[in-house]
Amino acid sequence: MVLDVNENIVGMDSRLERLLSGLHIQSNDDVCIVGVCGLGGIGKTTIITALYNKISNQFQSTSFLTNVREESAKDSGLLKLQQQLLDDTLGVRGQLTLKNIHDRLSSKKVLISLDDIDNRRELEHLVGKHSWFGHGSRIIITTRKKYLLTTHGVDYMYEVDKLNDVEALQLFCSYAFKQQLPGKGYKDLSTQVVRYADGLPLALKVLGSLLFGKGVKDWKSELKKLQEVPNIEITNVLKISYDGLDHTQKIIFMDIACFFNGGHVEVVTQVLDGSRFKAESGINALVDRCLITISTDKKIEMHDSLIQMAKEIVYKECPNEPGERSRLWKHEDVCRLLTINTRNLCLKKLTRMNLDGSQQLIEMSEFSTMPNLEILFLSGCVNLETLPGDIHKLKHILRLHCNGYSKLTRFPKIKRNIGKLYTLVLDETTIKELPSSIELLQDLHHLYLNNCKNLESILDSICNLSSLRTLMLNGCSKLGKLPEDLERMPCLENFYLRSISCRLPSLSGLSHLRILCLDECNLIPRVIKRDNHLNALEKLSMGNCSLNEGRVLNKIFHLCSLKVLDLSGVFNTEEGGIFLNDMLVGISQMSNLRALCLSDCKKISQIPEIPASLRQLDVHCSIGTSLPPMHSLVNCLTSANQG
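What counts and what doesn't
Residues numbered from 1 in each chain as written. Predicted model: local features only at pLDDT ≥ 70, side-chain atom pairs only at ≥ 80, totals over all residues. Heavy atoms only, no water. Helix = DSSP H or I, 4+ residues; strand = E, 2+ residues; numbered from the N terminus. Buried < 20%, exposed > 50% of the residue type's maximum accessible area, 1.4 Å probe, protein only. Areas by Shrake-Rupley, 256 points an atom, 1.4 Å probe, with all protein chains shown as cover. Contact = heavy atoms within 4.5 Å. Polar contact = N/O pair within 3.5 Å; in protein donor to acceptor, adjacent residues only side chain to side chain. Expected span 1.5 Å × (residues − 1). Arc of directions from axis to C-beta. Salt bridge = Lys/Arg side-chain N within 4 Å of Asp/Glu carboxyl O. Disulfide = S-S within 2.5 Å. Phe/Tyr/Trp six-rings, centres within 6.5 Å; stacked < 30°, edge-to-face > 60°. Axes fitted to C-alpha atoms, helices over the stretch in contact; angles between N-to-C directions. Parallel < 35°, antiparallel > 145°, perpendicular 65-115°, else oblique. Left-handed = near helix turned anticlockwise from the far one by under 90°. Nonpolar A, V, L, I, M, F, W, Y, C, P; charged D, E, K, R; others polar. Core = buried A, V, L, I, M, F, W, Y, C linked by side-chain atoms within 4.5 Å. Pairing = 2+ DSSP bridges.

Undergrad: Lay out the overall build of the chain with the relevant residues and their values.
TA: A count of helices and strands for the chain gives 19 helices and 23 strands. A total of 643 residues make up the chain; the buried ones form 52% of that total. Here the chain displays about 28900 Å² of accessible surface, and carbon together with sulfur accounts for 48% of that area.

Below, the structure is given as structure tokens:
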């Protein structure tokens, strides 16, 4: 039996080749189950239909079950699918037990394709285990849920990727012009449609069919409409996956679509963890359902059609009144709502708001108008001069971003504990100091003050932030003083002080500190003491530091937990200019050190003995420097081979 495949197939050869390599079609010694997963509309059904037609004549019996998700949801749907499977492969009608199905099929070489599997029960009742089928049998499964393939133990998994630009244009043109190239005068318009569809075959087919036979004026009108309202036929297919998410997963999906697409997965996880979600689990669920992907550089990527679908769902919460929606991201909507003239408006449903880069926002209404706000982004609002003074009214706020808010000279006084504020970002603002009431933010985990060029002091009250885990003060060049009592911050794990010129206090009491950045600082022995209370420190960066005394390094070498040490560009300011290699002798004591950077160190003539644990050594641009002793390198190599 040959199944119907649309004649407008594009990019099929390379995809079939990958699938065939996983099927091992030439082998008759075993049973092979292959899973094909991907976003709705990506072309899974088309691919396995073409594959079925290509190889079905090599099997004793075949069966292709379409729309399994939809059919199994009907009355006795799963039973009917079982009966169809038996009828196709064995010519048997009537009810059979799973054991009977197994007994009948185990002696036959069969090809079975199950299209659009939605849950484990469907797999268990239709294809069970490898042992159900005879040698040489091949089972092909398509699903939007990658985890179903993993838990079922498929032998090979193929995730369908979107079409490249050339393939996408060819597919679109086959529907819009009934040829492989754009019609005269339509090239630029076709390129716009292809860019909008972003390689999704469903979108290319639907839009190509929609625009077929229409004039340039109609094309422009449809394209303009698509920017505002997604095509319903495309949305209905994509929304199936969204509807299958649980409540928390839907919230995470919507937040990524509206605010965090393209964000680093660790940063987004941290943000959503602050929202009291199990963010890692939720993000993994979206990956498993092919709703997002994680790139090689750890960025979250969501298809443009999904993003538009998500924003349309939010829009439909209240089409005519943005203030009744849960999320706001359009600057014109937000600015209209937050101007001083709308102070009496209460935006009770609003939980997330993104105003990053808004040039229009000059003044904000009181925070009391948005009592349930959880996430507020104001980064780069260069014309906004102040924050409302009633910040304590944000009882549910979890994350507040004001980085690049260049006219912000002061942070409002906090009148009572904002118990849920998890992250506060004030990078590149012009504030001179934080209010002493900052200590009331008892649940604050992350505080960012990078490149605040006017920041002059950090008050002692910051030491009362008992939950603070990250404090970033990189590039605060006017900072004249740090609290002497920083060691009272029991939870601090990440401390960044790059390019700080003021005298540093002792940091040795920070027993939970894992990362410490002291690049371009003036170091004296008191900063890190020899009492070794920094027993959790794993990474220490001292790039381009000036060492006033050689004893500074001697104390560092007692940090037995340290795994990464960056001494690039370090120089000694002592009179006489003692060579740094005389100060590095103790480095062999660091038994857990994995990476050591000594690049651009001008006064190292010989690298001394290094610990056997070392795996990376960077000495580029350290001219005239000799490598460590040979026996030291041999010890590292031996240790690496044993590990």
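Undergrad: Can you lay out the environment of S499 for me, pointing to particular residues and giving the numbers?
TA: Checked against the element boundaries, S499 lands in the loop between β15 (494-496) and β16 (515-517). Owing to a relative accessible area of 25%, S499 belongs among the partly exposed residues under this scheme. Once the C-alpha coordinates of S499 and S477 are considered, the two residues, 22 residues apart in sequence, prove to be 6.7 Å apart. Residues in contact with S499, not counting those within four places in the same chain, are G475, S477, D519, E520 and C521. Of the polar contacts made by the side chain of S499, one reaches the side chain of E520; its length is 2.7 Å.

Undergrad: Quick rundown of helix α1 (residues 12-23)? Include the residues and the values.
TA: With 12 residues, α1 extends 16 Å between its outermost C-alpha atoms, agreeing within 8% with the 16 Å of an ideal straight helix rising 1.5 Å per residue. Where α1 is concerned, the buried positions are M12, R15, L16, L19, G22 and L23. The arc that holds every buried residue of α1, seen down its axis, measures 120 degrees, which confines them to one face. Set apart from the buried face of α1 by more than 90 degrees, the exposed residues are D13 and E17.

Undergrad: Describe the pattern of salt bridges, naming the residues involved and giving the relevant values.
TA: Inspection of the entire model under this criterion finds 18 salt bridges. For R15, the salt bridge goes to D161, with nearest N and O atoms at 3.6 Å. With R15 in helix α1 and D161 in the loop between β5 (156-159) and α8 (165-176), this residue pair connects regions lying 146 residues apart in the sequence. Judged by its relative accessible area of 7%, R15 is buried. When the shortest N-O distance is used, the salt bridge between D243 and K239 registers 2.9 Å.

Undergrad: Quick one: what's the story with the state of the cysteines, residue by residue and with numbers?
TA: Per the counting criterion, the structure on display carries zero disulfides. Left without a disulfide partner, C502 is nearest to the cysteine sulfur of C521, which lies 7.9 Å away. Summary of cysteine pairing: C521 is not part of a disulfide, and the nearest cysteine sulfur, belonging to C545, is at 5.4 Å. Take C521: its relative accessible area is 1%, and that puts it in the buried class.

Undergrad: An account of the packing of aromatic side chains is requested, with residue identities and associated values reported.
TA: Enumeration over the complete set of coordinates arrives at 11 aromatic pairs. Between Y52 and F64, the ring centres sit 5.3 Å apart and the planes meet at 85 degrees, which makes this aromatic pair edge-to-face. With Y52 in helix α2 (residues 44-55) and F64 in strand β2 (residues 61-65), this pair connects stretches of sequence that are 12 residues apart. Of the residues examined, Y52 reaches a relative accessible area of 0% and is grouped as buried. The interplanar angle of 25 degrees and the centroid separation of 5.5 Å between the aromatic rings of F177 and W219 together place this pair among those described as stacked.

Undergrad: Mind laying out unusual backbone geometry, listing which residues take part and the relevant values?
TA: Not every positive phi belongs to a glycine, and H24 is a case in point at roughly 50 degrees. In this structure, H24 sits in the loop between α1 and β1 (32-37). Within the chain, S76 stands out as a residue other than glycine whose phi angle is a positive 55 degrees.

Undergrad: Can you break down α2 residue by residue, with the values?
TA: Between the first and last C-alpha of α2 there are 17 Å, a value that for 12 residues agrees with the 16 Å anticipated at 1.5 Å per step. Every buried residue of α2 is accounted for by K44, I47, I48, T49, A50, L51, Y52 and I55. The elements touched by buried residues of α2 are α1, β1, β2, β3 (110-117), β4 (138-143) and β5.

Undergrad: Any chance you could break down the packing of α8 against helix α9 (residues 187-197) for me, citing the residues and the numbers?
TA: Each pair of packed helices can be described by the angle between their axes along with the distance between the axes. Relative orientation of the contacting elements α8 and α9 amounts to 115 degrees, with a least axis distance of 10 Å. Here α9 runs roughly perpendicular to α8, going by the angle between their axes. Between α8 and α9 the crossing geometry is right-handed. Residues D165, A168, L169 and F172 of α8 pack against S190, V193 and V194 of α9. Tallied by class, residues from the contact of α8 with α9 come to five nonpolar, one polar and one charged.

Undergrad: Tell me about the nonpolar core, and please be specific about residues and values.
TA: Counting 92 residues, the largest nonpolar core has L378, L473, F495, L540, I556 and L565 as the members making the most contacts within it. Elements with a minimum of two residues in this core: α17 (331-338) and α18 (551-556). In contact with L540, not counting residues within four places along its chain, are L516, L518, I528, I556, L559, L562, V564, L565 and D566.

Undergrad: Please give an account of the packing of α1 against α2 that cites residues and values.
TA: The contact between α1 and α2 brings their axes to 10 Å, and the two run at 65 degrees. Our classification of the angle between α1 and α2 gives roughly perpendicular. Our pair here, α1 against α2, has a crossing hand that is right-handed. In this structure, α1 uses M12, R15, L16, L19, L20 and L23 to contact α2, whose residues at the interface are T46, I47, A50, L51, K54 and I55.

Undergrad: Would you mind going over the pairing of β4 in detail, with residue names and values included?
TA: For β4, the buried fraction is high: six of the six residues fall into the buried class. Here β4 shows two buried faces, one formed by R138, I140 and T142 and the other by I139, I141 and T143. Across six bridges, the pairing between β1 and β4 is parallel. Within β4, the residue paired with C37 across the bridge is T143.

Undergrad: Describe the sheet that holds β4, naming the residues involved and giving the relevant values.
TA: What the five strands build is an open sheet, ordered β2-β3-β4-β1-β5; its pairing is parallel. Strands at the two margins of the open sheet, each flanked by one partner only, are β2 and β5. On average, each strand axis in the sheet is tilted by 10 degrees relative to the strand beside it, whichever way the strands run. As paired elements, β1 and β5 share four bridges and run parallel to each other. The partner of V36 across the bridge, within β5, is Y158.

All we've got here are geometric facts, nothing functional implied.
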